[in-house]
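Read off the chains here:
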Amino acid sequence: MALGAGDCERLHDGLIAQPVNTASALAYVPVGAWLLGRRQVGFGVAVAAAGVGSVDYHGPGSPAARLLHDGTLYAVVGLVAWNEVARRVGRSRLTPRGRVAYRAALAAAAAGGACWWLGRTASPWCDPDSLLQGHAAWHLLAAVALACWALAALEEALPQARS
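Residues numbered from 1 in each chain as written. Predicted model: local features only at pLDDT ≥ 70, side-chain atom pairs only at ≥ 80, totals over all residues. Heavy atoms only, no water.

Concerning helix α2 (residues 28-37)
So, step 1. Listed in full, the buried residues belonging to α2 are Tyr 28, Val 31, Gly 32 and Leu 35. The arc enclosing the buried residues of α2, seen along the axis, measures out at 100°, which places them on a common side. Opposite the buried face of α2, at more than 90 degrees from it, the exposed residues are Pro 30 and Gly 37.
So, step 2. Arg 39 sits one or two residues past α2 and shows a positive phi near 65°. (Buried < 20%, exposed > 50% of the residue type's maximum accessible area, 1.4 Å probe, protein only. Helix = DSSP H or I, 4+ residues; strand = E, 2+ residues; numbered from the N terminus. Arc of directions from axis to C-beta.)

See the structure below:
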């Protein structure tokens, strides 16, 4: 199966196989840059690299595209999971502002997941020639979710009172 074939958007010949999904994947790059500016180097590099890998996957499809796309996705998910476990084991809790950002991250991730699922090839929402692509919405909403999660989880947490 060709790269991106399950993501609904029609595959085109030439440098950019899926223009809408390729363009939307760029949303991860400014989020990664913003994280780097907040001195979140590892997470920032992983998120920006996820954007680059996804652009390669949906665009030119180099021989390394699948590895870049999937590997950076696993790195981002792994870093989020690691941080969540560490925060919970350390019994710290989010600040009030952090709780709002955390809920926004969950809502964006849920909406993005729904768009991804409903926009797959052969799904009811799939229109391969549309500029509105469910997978592109997933890219945009996942980037928002990562930014909101970073606001929530990577700011100073409050130590939880021991009972």
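Some thoughts on the state of the cysteines
So, step 1. Counted according to the given criterion, the structure contains one disulfide.
So, step 2. Note on cysteine connectivity: Cys 8 is disulfide-linked to Cys 126, with sulfurs 2.2 Å apart. When the S-S torsion is 100°, as for the bridge of Cys 8 with Cys 126, the disulfide is right-handed. A residue pair is termed long-range when its members are at least 10 positions apart, and Cys 8 in the segment before α1 (19-25) and Cys 126 in the loop between α5 (96-118) and α6 (134-153) qualify at 118 residues. (Disulfide = S-S within 2.5 Å.)

Quick look at the nonpolar core
So, step 1. The biggest cluster of nonpolar side chains holds 23 residues, and the ones touching the most others in it are Phe 43, Val 47, Val 76, Leu 146 and Trp 149.
So, step 2. Going through the elements one at a time, α2, α3 (41-58), α4 (65-89), α5 and α6 are the ones with two or more residues in this core.
So, step 3. For this core, the element with the highest residue contribution is α6, accounting for nine residues. (Core = buried A, V, L, I, M, F, W, Y, C linked by side-chain atoms within 4.5 Å.)

Some remarks on the pattern of salt bridges
So, step 1. Throughout the structure, instances matching the rule amount to four salt bridges.
So, step 2. Of the charged contacts, one joins Glu 84 and Arg 87 as a salt bridge, the two residues approaching to 2.8 Å between their closest N and O atoms. Of the two residues, Glu 84 and Arg 87 are both situated in helix α4; the distance of three residues between them amounts to about one turn of the helix. We note that Glu 84, like Arg 87, is buried.
So, step 3. Its salt-bridge partner being Arg 88, residue Glu 84 comes within 3.1 Å of it at the nearest N-O pair. A residue pair is termed a helical-turn pair when its members lie 3 or 4 positions apart in one helix, as Glu 84 and Arg 88 do in helix α4 at four residues.
So, step 4. Here the salt bridges do not stand alone but share partners, grouping Glu 84, Arg 87 and Arg 88 into one network. (Salt bridge = Lys/Arg side-chain N within 4 Å of Asp/Glu carboxyl O.)

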